[in-house]
Structures are given as structure tokens and as C-alpha cells.
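One letter stands for each residue in the lines below.
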Amino acid sequence: MTHAALARLQQGLAKARTEHLARTHTVRDGRSGAALEIDGETLLAFCSNDYLGLAADPALVAAAHAALEVCGVGAGAAHLVSGQHRYHHEFETAFARFVGKPAALLFSSGYQANLGVIPALAGRRSEVFADRLNHASLVDGAQLSGAAFTRYRHLDLAQLEGQLAASKAADKLIVSDLVFSMDGDIAPVDALLDLAERHDAWLYLDDAHGFGVLGDGRGGLTERARASDRVIYLATLGKAAGVAGAAVAAHADVIAWLVQTARTYVYTTATPPLLAACLVESLRQIAAGDARRAHLAARIAQLRSGLAELPRGTLMASQTAIQPLVIGDNAEVLRVAHALRARGLWVPAIRPPTVPAGSARLRITLSALHSEADITRLVEALHAVI
Ligand SMILES: *Cc1c(COP(=O)(O)O)cnc(C)c1O
């Protein structure tokens, strides 16, 4: 008997390959850093979300060693069973204080947090309003909630306002990336909060790419948004924080509600407590990280001025560490990425469905670990290959 279902998968794979859309792994050795060892080669990399260079920082590594001796490796159980270690508790308390919210809850990843928080706040009688360019995990969380799901054009708050006004839902939830992960632009937090207040909605902001980097490290919340009971804040902790996991910060009763109802919190083993100990150290480094942030800002400015005259490709209008260079065509973006790799540079090519069709791009990400010479090398290589 032929295995028809397997044959259909194989056809799907063949199609993705001919359309230059197939995704494959590379294998990395060593540590996160400006230079990465990829498939046995050392490449200068512009692909990581380790924006502050904390993922292999000696202070975090030392925190991991010290905690390991105290708590071992695994958490042993879910948080509500016996998995909540003192390190988890210390991190949640310190995180809430740092971002200026009354309480916080640690999830094992940003993806899990979004699959847990949105269905905890929205159900079949609710409506979720989402920016079209929101991260996949926010889309999936909204789908899982069973709420009506309404998307507005990227940053089009006039359209969002009309949708809110027309809604008859019992509960409304506005969901947005705070820094958009493939474009690098920033959501207008206070204007979104105005709409949430006017239409009695929650506002859930996913600051995966802003926490640690924006402002004084506390991320993209404004003072008004910190003070508002309507605003629920998510920071993921595998990016600038350099570790893993995600923390949600909000009104204490919102956090108490998540403890009851967020299924991706309740029904999963707690993250290893040693990671929470690393996260406490990471918060210290972020709080004291003005020099890292200033260095990163200087590298962003250097890249933007260096690429201003590029003959082809469009550098998007981003001021963050995510600097997308839109090429358009899938095969062409792969050609450019391969040409850079031949020169020892690794910049990821991002294609549909991660970004809209026709907007394939190099997603250049910068880190405080990049030197001025590293950026000069990337700028010169791009001018040569594009
Ligand atoms: C990376 C990312 C996530 C997922 O976070 P993980 O901790 O990697 O699971 C969620 N939202 C946004 C906007 C992201 O960029």
C-alpha cells in the first residue's frame, strides 16, 4: 500500500523547495555572540535577539553556576504543584517592581504566555482586536480563545476605533506587538490606551523586542500605561534578557486570575529554577545597562547612515535593533544572503509566510556586542553584493 498521507507531505515539501520557501536548520557550536560558529564556520552574525549581549555574559554564567549548586537542574513539577522555587518568586517580585506593575507571573516562553494569557482574558463572548503584523503566537492565542477575531491594518488606529465602536462583545481585548518583530517599528502605546479607555477594553502589549532595550531598559511602556489597570505587559526573556521564558506584569488581580486560568501556566512543568536565578541577575544587568544601550544606539545609527545610499533594497524606517532591508523577491533575498555568507557574514533571509508575500527581507539585528568595525564590514559587504 502506498502511504497517501506521507506522499501529500512530500508534495508539500517539494513545493516549498521549488518556491524557495523551505526552512532548514543550521547547527551552531559555542556561545551566543557577535561571531557565531555555524556548521563549523565562524561567521559575523546579524541574526540574534541577544540585543544587549547578556546570553553568554560572565555575570549570568556565574549566577547559573551558583544556582545550580543550590537547586539542581529540573523544577520537578508544575508551579502550582511544587514547582514554584524561591528563585521564581524572587524573579517575579523583582520584575514587577522593575517594570512598574503591581504583580508578575513567569511563563516558560513567550509563545506559551500568549497561548495562556489571551484565552484567560477572552472567551466566546469576547472580541480580540489585533494588528495585522502581530507575532504568530498572538494570533494563535486569539484563535485558541474562541473569541471573535478582528484584525486592523498595521498601526491603523482609525480602523481599530471603528471596529471597537461597532463591537457588541461583552469583553474587548486589544492585542499588539509593542516593537514589531519583522519591521522593527513601535506601537503608539498611549493612543492605543486612549482607545482601550474609551471603549472599555483591555490592552495587551507584547514587548518581546523592547524589554531591556527601550528607554532605561524597562521597555516600551509609557508612564500612563504603567499606571493603567487595563494594560497587561509581556516581556519575553530569551531576547535582550539573554535567558529564556516570559513574564507577564499587570494588576494583582489579573495575575491572580492567570494563576487560576492560564492553561499554559497551570498544566506545564515550571522552568528550571536556575533560569529564574539567571533572570534575577539579568534584571540587574539590564537596570545597569545604559552603556550597553548607548553602544547599541550608536551601531544602529552607523548602520542606517551606511546603508542610506544602497542602490537596491529598502531599509525600513526602524529606530530599534531590528533593521529590516526589504528585497521583495524570495529567490533574490536568498541570493543576497548566500553572497553575504560567502563573505563570512550571516544575515537571515525572512520570507513568507513570516512576512507578507512580495516583502522578503534581510532581517538585520544588531547587538551591543557588535563593534564599529563589524558594522563597517556589513555595510561594505552589502554595497558589494546587492
Ligand atoms: C519571540 C517572540 C515571541 C515568542 O517568545 P519566545 O519566548 O521566543 O517563545 C512572542 N512575541 C513576539 C513579538 C516575539 O518576537
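Calculation criteria
- Residues numbered from 1 in each chain as written.
- Predicted model: local features only at pLDDT ≥ 70, side-chain atom pairs only at ≥ 80, totals over all residues.
- Heavy atoms only, no water.
- Near = heavy atom within 4 Å.
- Polar contact = N/O pair within 3.5 Å; in protein donor to acceptor, adjacent residues only side chain to side chain.
- Areas by Shrake-Rupley, 256 points an atom, 1.4 Å probe, with all protein chains shown as cover.
- Helix = DSSP H or I, 4+ residues; strand = E, 2+ residues; numbered from the N terminus.
- Phe/Tyr/Trp six-rings, centres within 6.5 Å; stacked < 30°, edge-to-face > 60°.
- Buried < 20%, exposed > 50% of the residue type's maximum accessible area, 1.4 Å probe, protein only.
- Salt bridge = Lys/Arg side-chain N within 4 Å of Asp/Glu carboxyl O.
- Domains from an automatic or database assignment.
- Contact = heavy atoms within 4.5 Å.
- Buried area = accessible area lost by both parts, 1.4 Å probe.
- Nonpolar A, V, L, I, M, F, W, Y, C, P; charged D, E, K, R; others polar.

**Considering the site of the ligand**
And then number 1: Around the ligand, the surrounding shell holds 14 residues, and the nearest of these are G110, Y111, D206, H209 and K239.
And then number 2: With respect to the ligand, the backbone of Y111 contributes an N or O atom lying 2.9 Å from an oxygen atom.
And then number 3: At 2.6 Å from an oxygen atom of the ligand is found a side-chain nitrogen or oxygen belonging to H209.
And then number 4: For the ligand, the accessible surface in isolation is 380 Å², of which the surrounding protein chains cover 82%.
And then number 5: No other element matches the three residues that helix α5 (residues 110-121) contributes to the shell around the ligand.

**Let's talk about the packing of aromatic side chains**
And then number 1: Under the defined criterion, the tally for this structure stands at four aromatic pairs.
And then number 2: Relative to F211, the ring of F98 lies with its centre 6.1 Å away and its plane at 85°, an arrangement referred to as edge-to-face. With a gap of 113 residues between them, F98 in helix α4 (residues 86-99) and F211 in the loop between β8 (201-206) and α9 (223-227) connect regions that are remote in the sequence.
And then number 3: Its relative accessible area of 16% is what places F98 among the buried residues.
And then number 4: Exposure remark for F211: the relative accessible area of 1% places this residue in the buried category.
And then number 5: Centre to centre, the rings of F107 and Y265 are 5.7 Å apart; their planes meet at 65°, and the pair counts as edge-to-face. Taken together, the residues span a long stretch of sequence, with F107 in strand β4 (residues 103-107) and Y265 in helix α11 (residues 263-266) at a distance of 158 residues. Y265 carries the same exposure label as F107, and that label is buried.
And then number 6: Taken together, the ring pairs in this structure connect F91, F95, F98 and F211 into an aromatic cluster.

**Digging into the pattern of salt bridges**
And then number 1: Enumeration over the complete set of coordinates arrives at 17 salt bridges.
And then number 2: Between E223 and R226 there is a salt bridge; the shortest N-O distance is 3.2 Å. Taken together, the residues E223 and R226, both in helix α9 and three residues apart, mark about one turn of the helix.
And then number 3: Using a relative accessible area of 9% as the deciding quantity, one classes R226 as buried.
And then number 4: Here the salt bridges share partners, and the residues they tie into one network are D216, R218, E223 and R226.

**Re the domain arrangement of the protein chain**
And then number 1: Domain annotation of the protein chain identifies domain 1 (24-52 + 289-385) and domain 2 (58-287).
And then number 2: Averaged C-alpha coordinates put domain 1 and domain 2 at centres separated by 27 Å.
And then number 3: At the interface, 21 residues of domain 1 touch 22 residues of domain 2.
And then number 4: Interface of domain 1 and domain 2: buried area, both sides summed, is about 1500 Å²; carbon and sulfur atoms make up 58% of it.
And then number 5: Remark: the boundary between domain 1 and domain 2 carries one salt bridge.
And then number 6: Measuring nitrogen to oxygen at the nearest pair gives 3.0 Å for the salt bridge that ties R361 to D183.
And then number 7: Taken together, domain 1 and domain 2 are joined by 13 residue pairs in polar contact (both at pLDDT 80 or more).
And then number 8: The biggest single contributor to the side of domain 1 that touches domain 2 is helix α13 (residues 290-307), with three residues.
And then number 9: The residue inventory of the side of domain 1 that touches domain 2, partitioned by class, reads nine nonpolar, six polar and six charged.

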